[in-house]
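Here's the letter readout for the chains.
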Amino acid sequence: MTDASPTEKGTKNASAKPPPLKVLRIFRKEDAQDFGEAGHMSYDDDAPVILNGLTKMDEAGMADGYKGTCLFSGFGFSLHHFWFKPGYPLPLHSHDSDCLYYIVAGDIRMGTEHMGSGDGFFLPADTPYTYYIGEKGVEILEFRTAEDFNIEFKGTTETYWEQMLEKLRNERPKWREALPPSRNYRNA
């Protein structure tokens, strides 16, 4: 007597997507996608004050202050590299996935903690956070427990967004000549 297949037992849906094969998968820096083009992050903001604040920051050149790449995405994980230029004003926000952060070069201040190359932190999903980028900028790796995730900004007042915009305007002139901190340290 043979056992019935999962389909015959009615436990398998014929239209269900099979699980991904978990096999060795190598990724290379030269194959990395631009973070925005990779399309793994969705924006979950619809409050007018947040949308207005983000629009003003975008118009003032916020995108000039960072570069992100998707190094890997698969099997329910993702790895991203970000370079934030000196003084980049990172708004208070959260994501709907757990994330482990590792500082490659440069430094940040998070609350009262100063962290530099080789340091890192773990944030559970939905934990609001920000950090302040140091004078050389920061390169940081983000190891996520999801391929696709959201970002939800937490600044709920016009005053908050005006302060972020002022910081952006003050810091942006430094970005033109900025190099990634890993290059600064190698050339020092």
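Residues numbered from 1 in each chain as written. Predicted model: local features only at pLDDT ≥ 70, side-chain atom pairs only at ≥ 80, totals over all residues. Heavy atoms only, no water.

## A look at the confidence of the model for the protein
Thought 1: Model confidence for the protein is summarised by a mean pLDDT of 89, while 87% of its residues fall at 70 or above.
Thought 2: Low pLDDT, under 50, characterises residues 1-12; the predicted model gives this stretch four contacts beyond four residues in sequence or across chains. (pLDDT = per-residue confidence, 0-100. Contact = heavy atoms within 4.5 Å.)

## Side note on empty space enclosed by the protein
Thought 1: All chains considered together, the criterion is met by one cavity of 30 Å³ or more.
Thought 2: Considered as a void within the structure, the largest cavity measures approximately 40 Å³ in volume.
Thought 3: Every residue along the wall of the largest cavity is listed here: His95, Ser97, Cys99, Tyr101, Leu123, Pro124, Ala125, Asp126, Thr127, Tyr129 and Arg144.
Thought 4: Of the residues in the lining of the largest cavity, the class split is six nonpolar, three polar and two charged. (1 Å grid on protein atoms, 1.4 Å probe; cavity = no way out; pocket = protein on both sides within 12 Å on 5 of 7 lines; lining within 4 Å. Points joined across faces, edges and corners; volume = space filled by probe spheres on them. Nonpolar A, V, L, I, M, F, W, Y, C, P; charged D, E, K, R; others polar.)

## With respect to the nonpolar core
Thought 1: Ranked by size, the top nonpolar core spans 33 residues in total, and within it Phe84, Phe121, Tyr131, Ile140 and Trp161 carry the most contacts.
Thought 2: Elements represented by at least two residues in this core include exactly α3 (48-59), β4 (77-84), β6 (99-110), β8 (120-123), β9 (132-144), β10 (149-153) and α4 (158-175).
Thought 3: Counting residues per element, this core draws most heavily on α4, at six residues.
Thought 4: Sequence-distant contacts of Trp161, that is, excluding residues within four places in its chain, are made with Val49, Ile50, Gly53, Leu54, Met57, Pro91, Phe153, Gly155 and Thr156. (Core = buried A, V, L, I, M, F, W, Y, C linked by side-chain atoms within 4.5 Å. Buried < 20%, exposed > 50% of the residue type's maximum accessible area, 1.4 Å probe, protein only. Helix = DSSP H or I, 4+ residues; strand = E, 2+ residues; numbered from the N terminus.)

## Regarding unusual backbone geometry
Thought 1: Positive phi, normally seen in glycine, also occurs at Phe75, with a value near 55 degrees.
Thought 2: Take Phe75: it is sitting in the loop between β3 (66-74) and β4.
Thought 3: Even without glycine at this site, Asp126 takes up a positive phi of about 65 degrees.
Thought 4: Residue placement: Asp126 occurs in the loop between β8 and β9.
Thought 5: Residue classification places Asp126 among the exposed positions, given a relative accessible area of 52%.

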